[in-house]
Structure formats: structure tokens, C-alpha cells
Amino acid sequence: MFAVEDLSAAYGPVKALNGVSFTADRGQVTAVLGANGAGKTTLLRTVSGLVRSTAGSVTLDGKDITRTATEKLTSYGLSHVPEGRGVIAELTVVENLRLGGLHRATGSEPMPIERIFELFPRLGERREATAHMLSGGERQMLVIGRALMARPTVLLLDEPSLGLAPRVVAQIFDLLRGLVQNEHLTVVLVEQNARSALSIADHGVVLNLGKVVASAPAAELAADEQLRHAYLGF
Amino acid sequence: MQQFLDTTLGGLVLGAVYAAFALALCLIWRSTRIVNFAQAAMAMVTTYIALSLINVDVPYWVAFLAAIAAGFMLGALVERLIIRPVEGKADLNAVILTLGLFMVLHGLTALVFGVQHRGFPAPVSTSAIEVGDTSIGITPFGVLTIVIVAVVMAGLVVLFRFTDLGLRMRASAFNGEVSRLLGVRVGRMLTLGWALAAAVGAVAGLLIAGGDLVNPAFMDPFVIYGFIAAVLGGLDSPIGSVIGGLILGLSLSYVTGYVGEHLAPLVALGILMLVLLVRPSGLFAAAAARRV
Ligand SMILES: Nc1ncnc2c1ncn2[C@@H]1O[C@H](COP(=O)(O)OP(=O)(O)OP(=O)(O)O)[C@@H](O)[C@H]1O
Ligand SMILES: [Mg+2]
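Note that the structure is a prediction, hence the values are computed from the model and not measured.

Draft legend 1. The arrangement of a nonpolar patch on the surface in detail. Residue and element names in this part refer to chain B. Residues M1, F4, Y258, V259, L263 and L266 make up a contiguous nonpolar surface patch of about 680 Å² in total accessible area. For Y258, the position within the fold is in helix α10 (residues 238–259). Judged by relative accessible area, which is 44%, Y258 ranks as partly exposed.

So this is what it looks like as C-alpha cells:
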């Protein structure tokens, strides 16, 4: 189980994260929702140590990983796919994937690159392409595939749907759903696109101004009209 | 015809040295976006280390390797102690620091070794090779220079293209944050990049010094020529730096051979201006589309 407890962070005087707590269970998708500037990206970046936490803790299967050096997290089984599709544009598809497998979870078996190409056949066709030549959807597949190369138990995804056509979003979300079931992953899915995210999530956490304003099973959130209007925009 | 052959061969040797030096600049530029103006002074220091060893009868090749090792450590130290503290600040800060380092190394070397010229030995002959009864415009040391630079280059290609370490180094240079999220120790990779660059610079210094005279200023022209070669090929591209070095070496050799030595710096400057006007990213820069 992945647990965030009372986590806070600030950019100078701006408190971007104010005592956030939630848990994400194995084999489930936990959606973290909220409007622009709600603090979703800050939450993931604080978990990864890219932003320093001012209070609170992060635990992974009972192990305290608060303020662990960013570089160590993949070896603990935590992979973070950042906002804006962080492909390394100058490297090829295969090189991006190889890189993802260099520092995998301690004690895990290497992931054969071919497995990623089975999941994303489109990437297999473009294996020698430099990543800057890929389409937005292909890039999203590449960063998810690259994260999987590290054999994570927890996958943090920051707005994978950003700027993608609805069909591509549906395709990627379907794939995620499948991964969670087959690999028993814990997925924390940060999204502004609340409707799509809730359609594949088990649980939902709603942030506003750096605070949790709701945390409930996904179906319940989707059914709460008032909450939807106030925070989720649909 | 004979003269053409001679100037071409001379140009290739000169170009190989520029290439090595440009490569060192390129390695640092790629990993930290800094033009290291201290590169020449660092190579001068490591050359003096080799000379000191040779003067106490250490065999040439042992001194050669020791200088490379010293370059490696010097590069790592400079990155850790001088560059790292200003990381994330304006790039100009680091560049000015490298200029300062250039002056400090100059001053220290002059203080320790004096400013007089000293002879630096070569491991093989430095007189022109004779074919039949005509001598051609290349020396055994010239041939050795080309071979050594080619080996260094091949080594770097293997490192960057085919090894996991090279992949980590390239990834760190292109996108530090993403690399960290993937578990790469980016700080170490940057230190290693500087160390490697300074080692390559040390090789260039040793090859320039071989069979010639050294004083604390002997590498100074290379601040400019190495930079021109690197810009010519595209500071971002190692292969480009090498080709840029060869083009510059050949051009300068032809100008010196056919027109006159005094024109060489002017021509070098002309080439630089032309490239900056026509293709500021260099002749061989990848059609970079970063962060699209
Ligand atoms: N580097 C930064 N420096 C200063 N303030 C920042 C920085 N990054 C984010 N903020 C502020 O922190 C708050 C939370 O931002 P954050 O990026 O976490 O929101 P978000 O929920 O991810 O939004 P979006 O949906 O637009 O990605 C915002 O008020 C934002 O302006
Ligand atoms: Mg965000």
C-alpha cells in the first residue's frame, strides 16, 4: 500500500500543498483530481523529492520513503511519469526504454524490451526513431513503457491525457486498466480530465488549493453532482 | 602537387589536434551548457605534469598516461568545486568562473615552473618521413597524433553509443530531471562528463607539446581555435566537433602553405563569423527539436 500522510509543501510563501493524506491500494487506480493549480503536480513532485516537503510522510508498503533522494525511488519500486510527457527527445525509442530499465526495483527481473512492444505495438514499429519524431500519443506510450521497464509496484502518472485526442486517451486508459489488473500495480493517476479518469479509477481524491476536499470510491464521486460542478468541471 | 600533398597532410595532423580539443569543449557543453574557457589552461597544467615526470626519468608513455589521469581528476575537481556551486544560476556565472580559472592556472604554473620555454620530448621522430628520396610533409609523430586522436574518438563513440554508462551520461545531459526520476545519478554523470572532457583535453595538450616547446601560454591559441572548430561543427555534436577540427586544420594549413602564416588567425576568424552568420547551430548540429 502506498500512503501519503499530512503532506505539505510550499514555493516560497505560497503553500501549494497543505496537509494532504490519502492511500492507494495495490491493484487499484487512484485518481487525483482537481482544477488548474489545485496542487496535483506538486503532490507528485513532493512524493518524488523534486519539491521538498515541509511536513508529513510518504510510505510504501510500510517503509518510510519521505525525503528519499529522487534517484533512489525507482529502486524502491516507485516510478513517476512527469507532466508533459518526459521523453528524452534526443534519444531513440529503444534508448529511452533501455534507460528506464537501468535502475529497476531492487530484486526484480529485467523487463525484456519486447514485452513493452507487445503492450504498445506502435512503439515496436518506431523503435529506432528519435523520440522527438513521435506523436503525442506515441510519446505517452513511450513514457509509460519506460516507467514499466523499472518494474515498479507504484506508478505515478501526471496528466497522461493532456493534449491527446479522446480516442488515444481511451486507448491509453484501457491499457492502464489492463496493466493494473495483470501486473497488480498501484496506479496514482493525476488528471484534470476527471470524467475519463473516474471511468477507469477505483478510488478518487479531489484536491482544491492544496487540500483534499473529497476522497471516495470513483463511482460515488462521479455520482455526486454538486462536487462534480464545484471541482471537477463536468 | 607535392606542396598540396604536404599541406594536406600537415592540415590533417593539425586538424586532429583541433578536433580533440573541440571534442573536449563539446563534451562539457553537452553535459552542462558551459563553454569551458579554462580547457586550454587545464591541458597546459597536465602537460606540465607530464613534463615534470619526464624530467625525473619517468618513461614517456607512463608520463602520458599520468597526465591523462591528472586531467581526469582535475576535470572532476573543477566541476565539483567551481561549477557545481553555481549550478542553476545564470550560465554566465560559470563561464566567468572558467575564465577566472584560466587565469589562476596560468599564474600558478608560471609561479611553479617559470615562464621560460622548455623542450617537450616526443616518443617518435619529429622529422619528415622520407619516401624514396623526397621527404613528405608528415612526421612519424604526426601519424601517431592522428592515430591517437582516432582511438580517443572511437573510444568515445563506443562509450556513448554502446554502453549503459554512456546512455546515462547522454540522458543526464539532455534532461536531468527526467533522468533523476529514472534513477540516474545525474550529478555524478556531470562530474564524469567534465572529467572525461579534461582527460581528452590533456591528450590534446600532450600531442600539441610533443617535440615542441612549452611555456604557460603554449595552449592559449587553442582557446580560440578549439572553440572555432567546435562551433563550426556544432557545439552539440561530437562528430561535428571532429569534422569541424579537421576542416579548420586543413583550411589553416592551406592558408599558411599558399598565402602566408600571418593570415591564418584572420581566416580562422572569418570562418567563425561565416558559420555564425549562416548556420549558427553549426554545420552538423542535429535538427534539434528539443522540448517540442
Ligand atoms: N515552480 C513553482 N514556483 C512557484 N509556484 C508554483 C510552482 N509550481 C506550481 N506553483 C504553484 O503551486 C500551485 C499548485 O500548482 P500545481 O502545478 O501543483 O497544480 P496542478 O494541480 O498540477 O495544476 P495543472 O492541472 O494546471 O497541472 C499553483 O498555485 C501554482 O501556481
Ligand atoms: Mg499539473
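Draft legend 2. A look at the pairing of strand β3 (residues 29–33) of chain A. Residue and element names in this part refer to chain A. The buried fraction of β3 is high, at 5 of 5 residues. Covered by surrounding structure in β3 are V29, A31 and L33 together with T30 and V32, the residues of both alternating faces. Where β3 lies against strand β8 (residues 186–191), 5 bridges are found, and the strand directions are parallel. Across the sheet, V32 pairs through a bridge with V190, a residue of β8. One ladder, built from 4 bridges, connects β3 with strand β9 (residues 203–208); its direction is parallel. The residue bridging V32 from the neighbouring strand is V205, located in β9.

Draft legend 3. Structural view of the side chain of S48 of chain A. Positionally, S48 of chain A belongs in the loop between α1 (40–47) and β4 (53–60). Residue classification places S48 of chain A among the buried residues on the basis of a relative accessible area of 0%. Ignoring anything within four residues of it in the chain, the contact list for S48 of chain A reads T70, L73, H80 and L156 of chain A together with L181 of chain B.

Draft legend 4. Representation of the packing of helix α6 (residues 164–174) of chain B against helix α8 (residues 186–209) of chain B in the model. All names here are of chain B. Closest axis-to-axis distance for the α6/α8 pair is 9 Å, and the angle between their directions is 100°. As the angle between them shows, α6 and α8 are arranged roughly perpendicular. Touching L165, R168, M169 and S172 of α6 are V186, M189, L192, G193 and L196, all from α8. Among the residues forming the contact of α6 with α8, the class breakdown is 6 nonpolar, 2 polar and 1 charged.

Draft legend 5. Quick peek at the coordination of the magnesium ion (ligand 2). Residues and elements named next belong to chain A. Protein-derived ligands of the magnesium ion (ligand 2) are T41 (OG1) and E83 (OE), with the metal-ligand distances lying across 1.8 to 2.7 Å. Here T41 is found in helix α1, whereas its partner E83 is found in the loop between β6 (78–81) and α2 (93–102), with 42 residues between them in sequence. E83 sits in the partly exposed class, given a relative accessible area of 39%.

Draft legend 6. Seen up close, the packing of aromatic side chains. Residues and elements named next belong to chain B. In this structure the tally under the stated criterion is 11 aromatic pairs over all chains. Ring geometry for Y18 and F222: centres 5.5 Å apart, planes at 50°, overall tilted. Note that Y18 is positioned in helix α1 (residues 2–32) and F222 in helix α9 (residues 220–233), a separation of 204 residues in sequence. Summarising the burial analysis for this pair, Y18 and F222 share the class buried. Measuring from centroid to centroid gives 4.6 Å for Y48 and F113, while their planes differ by 35°, and the two rings are tilted. Residue Y48 is located in helix α2 (residues 39–55), and its partner F113 is located in helix α4 (residues 91–113); the two are separated by 65 residues in the primary sequence. With a relative accessible area of 1%, Y48 lands in the buried category. The class for F113 is partly exposed, based on a relative accessible area of 23%. Put simply, the rings of Y18, F21, F222 and Y225 pair up and form one aromatic cluster.

Draft legend 7. Inspection of the pattern of salt bridges at higher detail. According to the stated counting rule, one finds 14 salt bridges over all chains in the structure shown. Across the salt bridge formed by E95 of chain A and R170 of chain B, the nearest N and O atoms sit 3.1 Å from each other. Here E95 of chain A, found in helix α2, pairs with R170 of chain B, found in helix α6, and the two come from separate chains. One exposure class covers both E95 of chain A and R170 of chain B, and it is buried. Put simply, R84 of chain B and E79 of chain B hold a salt bridge, and the shortest N to O gap is 3.1 Å. The buried category is assigned to E79 of chain B, whose relative accessible area is 1%.

Draft legend 8. Structural detail: the sheet that holds β8 of chain A. Residue and element names in this part refer to chain A. What the 6 strands build is an open sheet, ordered β6-β7-β8-β3-β9-β10; its pairing is mixed. What marks the edges here is a single partner per strand, and that holds for β6 and β10 (211–217). The mean inter-strand angle of the sheet, taken between neighbouring strand axes irrespective of direction, is 15°. Together, β3, β7 (154–158) and β8 form the strand contacts of helix α6 (residues 166–183), whose direction differs from that of β8 by roughly 155°.

How each quantity is defined
- Residues numbered from 1 in each chain as written.
- Chains lettered and ligands numbered in written order.
- Predicted model: local features only at pLDDT ≥ 70, side-chain atom pairs only at ≥ 80, totals over all residues.
- Heavy atoms only, no water.
- Patch = residues over 30% accessible without salt bridge, like charges linked within 9 Å, V, L, I, M, F, W, Y side chains within 5 Å.
- Areas by Shrake-Rupley, 256 points an atom, 1.4 Å probe, with all protein chains shown as cover.
- Salt bridge = Lys/Arg side-chain N within 4 Å of Asp/Glu carboxyl O.
- Helix = DSSP H or I, 4+ residues; strand = E, 2+ residues; numbered from the N terminus.
- Buried < 20%, exposed > 50% of the residue type's maximum accessible area, 1.4 Å probe, protein only.
- Pairing = 2+ DSSP bridges.
- Contact = heavy atoms within 4.5 Å.
- Axes fitted to C-alpha atoms, helices over the stretch in contact; angles between N-to-C directions.
- Parallel < 35°, antiparallel > 145°, perpendicular 65-115°, else oblique.
- Nonpolar A, V, L, I, M, F, W, Y, C, P; charged D, E, K, R; others polar.
- Donors = N, O, S within 2.8 Å, 3.2 Å for Na, K, Ca; no water.
- Phe/Tyr/Trp six-rings, centres within 6.5 Å; stacked < 30°, edge-to-face > 60°.

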